[in-house]
Amino acid sequence: MKKKRIAIALGHDALGTTLPEQKEATKRAAHAIADLVADDCRVVVTHSNGPQVGMIHTAMSELHRLYPEYTATPMSVCSAMSQGYIGYDLQNAIRSELISRGIFRTVSTILTQVTVDPYDDAFYHPSKVIGRILSEEEAEEEENKGNHVVKTEDGYRRIVAAPAPIEIIELDAVNALMDANQIVIAAGGGGIPVLTQGTNLKGASAVIEKDLIAGLLADGVRADQLIILTDVECVYKNFGKEKQEPIHRMSCAMAKDYISQGQFGRGNMQPKIETAVSFIGDSDTRSVLITRLDRIRAALQAQTGTVIEK
């Protein structure tokens, strides 16, 4: 019998912000993931890295400021660092949770690169704020190096592009490990954005939207279901308004209609819904579940959450 393949996308609240918070948060995430493994599912996990990559970038920039002989760290390297350190905590938490249940399964983190288009419009309109607050002099220095900055209330901050992902370079490795019944952590933080230059891959000064990579990864591993864990229990109509109404089941046609009505926040829920519609496509069997980490078991039992199907 074919084992169900599930892709899980962990949001910010599933990872915490500080080192101690992340340790505790990954334990909670591991419990939910272990439930799926116990149900004999094959699982791949991707995750956010917003606070973590910002912390790394800030730390490495400060090191370069204090010790100029240390070369400034490119954004792609900061993304790689965040994949490693989040994956380290997450894979150990999952391993520990599984062993406590008498389940012996290897958990692997794949350092994952994702190609982007150098001519993506996002490179001409960078929008993602990263790193520490800069003085006017430091901001000018960044611009002289070809980087983009934006003025904030406290000073200046660097901004980078958020291009669309094209291809997950290590996808074959992810599938091979899943086929071997391992739990895989991949494309963390959206993946390391790279540009193809002949036989070489060059890191791009960019970040990739986490919802987009979740859909691409889920499609690439032939997942039956994509589970998007966010900070709300389910999707709502009229969110935050007097007539707020939960949506527990939604077809792709309904989702498109709600998007056209402007029902979902463009920077929050809408990208998740668009990812769901794209992942499901014309499939009669694929589905997407959107819920909160601590409600995943109830959502899988159709007691809460939002399920999207064709």
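Residues numbered from 1 in each chain as written. Predicted model: local features only at pLDDT ≥ 70, side-chain atom pairs only at ≥ 80, totals over all residues. Heavy atoms only, no water.

As a further point, take the overall build of the protein. Scanning the protein for helices and strands turns up nine helices and 17 strands. For the protein, the spread of C-alpha atoms along the principal axes amounts to about 60 × 45 × 40 Å. The buried share of the protein, taken over its 310 residues, is 51%. Long-range contacts, defined here as pairs at least 24 residues apart, represent 73% of the contacts in the protein between residues at least 6 apart. Element-wise, carbon and sulfur atoms account for 50% of the exposed surface of the protein, whose accessible area totals about 15,100 Å². Each charge sign in the protein was given a centre, from 33 positive and 40 negative side chains, and these centres are 6 Å apart. (Helix = DSSP H or I, 4+ residues; strand = E, 2+ residues; numbered from the N terminus. Buried < 20%, exposed > 50% of the residue type's maximum accessible area, 1.4 Å probe, protein only. Contact = heavy atoms within 4.5 Å. Areas by Shrake-Rupley, 256 points an atom, 1.4 Å probe, with all protein chains shown as cover. Lys, Arg positive; Asp, Glu negative; His and termini not counted. Charge placed at Lys NZ, Arg CZ, Asp CG, Glu CD.)

In this section: the layout of surface pockets. By volume, the second largest pocket is sized at about 550 Å³. Counting residues per element, the ones that place at least two in the lining of the second largest pocket are α2 (50-66), α3 (75-100), β5 (128-134), α4 (136-144) and β7 (156-160). A total of five residues in the lining of the second largest pocket trace back to one element, the largest contributor, which is α2. Residue composition of the lining of the second largest pocket, by class: nine nonpolar, nine polar and eight charged. (1 Å grid on protein atoms, 1.4 Å probe; cavity = no way out; pocket = protein on both sides within 12 Å on 5 of 7 lines; lining within 4 Å. Points joined across faces, edges and corners; volume = space filled by probe spheres on them. Nonpolar A, V, L, I, M, F, W, Y, C, P; charged D, E, K, R; others polar.)

This part covers the packing of aromatic side chains. Evaluation of the coordinates by the stated rule reveals three aromatic pairs. Relative to Tyr 70, the ring of Tyr 67 has its centre 6.1 Å away and its plane inclined at 80°; by these criteria the two rings are edge-to-face. Here Tyr 67 falls in the partly exposed class, since its relative accessible area comes to 43%. Overall, the relative accessible area of 46% leaves Tyr 70 in the partly exposed class. With a centroid separation of 6.1 Å and an interplanar angle of 85°, the aromatic rings of Tyr 258 and Phe 264 are classed as edge-to-face. (Phe/Tyr/Trp six-rings, centres within 6.5 Å; stacked < 30°, edge-to-face > 60°.)

Another aspect to go through is the sheet that holds strand β17 (residues 306-309). Ordered in space as β3-β9-β2-β1-β12-β16-β17-β15, the eight strands form an open sheet in which the pairing is mixed. With one partner strand each, in any of the chains shown, β3 (107-109) and β15 (249-251) form the two edges of the open sheet. With direction set aside, neighbouring strand axes in the sheet form an average angle of 20°. Judged from the four bridges that link them, strand β16 (residues 287-292) and β17 form a sheet pairing that is antiparallel. Bridge pairing links Ile 290 to Thr 306 in β17. Sitting on the sheet, helix α8 (residues 269-280) touches β12 (225-230), β15, β16 and β17, and the angle it makes with β16 is about 155°. (Pairing = 2+ DSSP bridges. Axes fitted to C-alpha atoms, helices over the stretch in contact; angles between N-to-C directions.)

With that settled, the discussion passes to the environment of Ile 86. Relative to the helices and strands, Ile 86 is located in helix α3. Overall, Ile 86 belongs to the buried group, its relative accessible area being 0%. Through-space distance from the C-alpha of Ile 86 to that of Met 254 is 36 Å; in sequence the pair is 168 residues apart. Excluding residues within four positions of it along the chain, Ile 86 makes contact with Leu 15, Gln 22, His 47, Ser 48, Asn 49 and Gln 52.

There is a patch of nonpolar side chains on the surface, built from Leu 66, Tyr 67 and Tyr 70 and spanning about 330 Å² of accessible area. Summarising the element assignment, Tyr 67 is placed in the loop between α2 and α3. (Patch = residues over 30% accessible without salt bridge, like charges linked within 9 Å, V, L, I, M, F, W, Y side chains within 5 Å. Salt bridge = Lys/Arg side-chain N within 4 Å of Asp/Glu carboxyl O.)

One can describe the packing of helix α7 (residues 252-261) onto α8 by two numbers: an axis separation of 10 Å at closest approach and a directional angle of 150°. As α7 packs across α8, the resulting crossing turns out to be left-handed. Between α7 and α8, the contacting residues are Cys 252, Ala 255, Lys 256 and Ile 259 on the first element and Gln 270, Ile 273, Glu 274, Val 277 and Ile 280 on the second. Considered class by class, the residues forming the contact of α7 with α8 number six nonpolar, one polar and two charged. (Left-handed = near helix turned anticlockwise from the far one by under 90°.)

Next up on the list: the sheet that holds β5. Read from one edge of the open sheet, three strands run β5-β7-β6, paired in antiparallel fashion. Looking at which strands have only one partner, the edges of the open sheet turn out to be β5 and β6 (148-151). In this sheet, neighbouring strand axes are inclined to one another by 35° on average, regardless of whether the strands run parallel or antiparallel. As defined by bridge partners, β5 adjoins β7 across four bridges and the pair is classed as antiparallel. Its bridge partner being in β7, Val 129 is matched across the sheet by Ile 159. Helix-sheet contacts for α2 involve β5 and β7, and the interaxial angle to β5 is about 40°.

The subject of this paragraph is the pairing of β16. Burial analysis of β16 places five of its six residues in the buried class, which makes it a mostly covered element. Of the pairings in the sheet, the one linking β12 to β16 comprises six bridges and is parallel in character. When the bridges of β16 are listed, Ile 228 appears paired with Ile 290.

On their own, these measurements won't tell you what the molecule is for.
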